[in-house]
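Spelled out from the first residue to the last, the chains are:
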Amino acid sequence: METTVFDTALGTFGIGWTADGIARLQLPGLDADEMGERINRKDATPGEPTREVEAVINLIEDYADGNVVEFRDIKLDLQGVPEFHRRAYELLLEYGWGQTTTYGELARALGDVTLSRAVGQAMGANPIPLIIPCHRVLASNGKAGGFSAPGGAGSKLRMLALEGVAVGAPAGQMTFGF
């Protein structure tokens, strides 16, 4: 896997890719040196982004600037990701800018509402946050729930606010400020 680190309006991101697609994304919250160490774990090495990877970086920069972007058509490399997690991520990719769901709703869509905790574990293990939008998954009470990225739930709330989502509003609803 090759990687690079890049700056955005939200902070420094790290991205990793293979010939099959984007395999890793690290959200802001670390300085550039720490980000380089984090994104290069497990035999990854710094590389020169391909055109396809540059296009993804541009989308992430646009997102950080507050522009509406969609990531669902990006090629992903999910090798080594458990099948249940993949299924949860595939469902989640259908949620676009400003749309939210709950752990329970995803579990129900996967066939059993009792899988809510397993959905939460899949979100916590997401190797490509933002592109696989785990920040859009809320607790059943409409609150943020957990978030394993640097900054924790505060980062999740900032990402949702950027998309116009007021946490506490019913899942799937944006706030329009009036």
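In every chain, residue numbers begin from 1 and rise along the written sequence. Local features in this predicted model are restricted to residues whose pLDDT is 70 or higher, and side-chain atom pairs enter the listing and the counts only when it is 80 or higher, whereas totals over whole chains, interfaces and linings include all residues. The basis for every side-chain value is the complete set of non-hydrogen atoms in the structure, without hydrogens or water.

Here we come to helix H2 (residues 51–64). Secondary structure elements are defined from DSSP: runs of H or I of at least 4 residues count as helices, runs of E of at least 2 residues count as strands, and each element is numbered from the N terminus. Residue count minus one, scaled by 1.5 Å, sets the expected span of a helix. Between its terminal C-alpha atoms H2 stretches 20 Å, which fits the 20 Å expected from 14 residues at 1.5 Å a residue. Downstream of H2 by a residue or two, Gly66 has a phi angle that is positive, lying close to 90 degrees.

Attention shifts here to the pattern of salt bridges. Salt bridges are counted wherever a side-chain nitrogen of Lys or Arg sits within 4 Å of a carboxyl oxygen of Asp or Glu. Counted under the stated rule, the structure contains 2 salt bridges. Notably, a salt bridge pairs Arg72 with Glu70, separated by 3.9 Å at the nearest N-O pair. Partly exposed residues are those whose accessible area sits between 20% and 50% of the maximum for their type, while under 20% is buried and over 50% is exposed, using a 1.4 Å probe and protein chains only. Under the relative-accessibility criterion, Arg72 is labelled partly exposed at 35%. In this structure, the salt-bridge partner of Arg136 is Glu163, at a minimum N-O distance of 2.8 Å. Highlighted residues: Arg136 in the loop between helix H5 (116–124) and strand S6 (137–138) and Glu163 in the segment after helix H6 (152–162), separated in sequence by 27 residues. As far as burial versus exposure is concerned, Arg136 and Glu163 are alike and both buried.

Right, let's talk about the confidence of the model for the protein chain for a bit. Residues of the protein chain with pLDDT of at least 70 account for 87%, and the chain-wide mean is 87. Mean pLDDT values for the elements of the protein chain range from 80 in H6 up to 97 in H2. Note that residues 169–178 has pLDDT below 50 and, in this model, 16 contacts with residues that lie over four places away or in other chains. For every residue, the predictor states its confidence as a pLDDT score lying anywhere from 0 to 100. For this analysis, residues touch if any pair of their heavy atoms sits within 4.5 Å.

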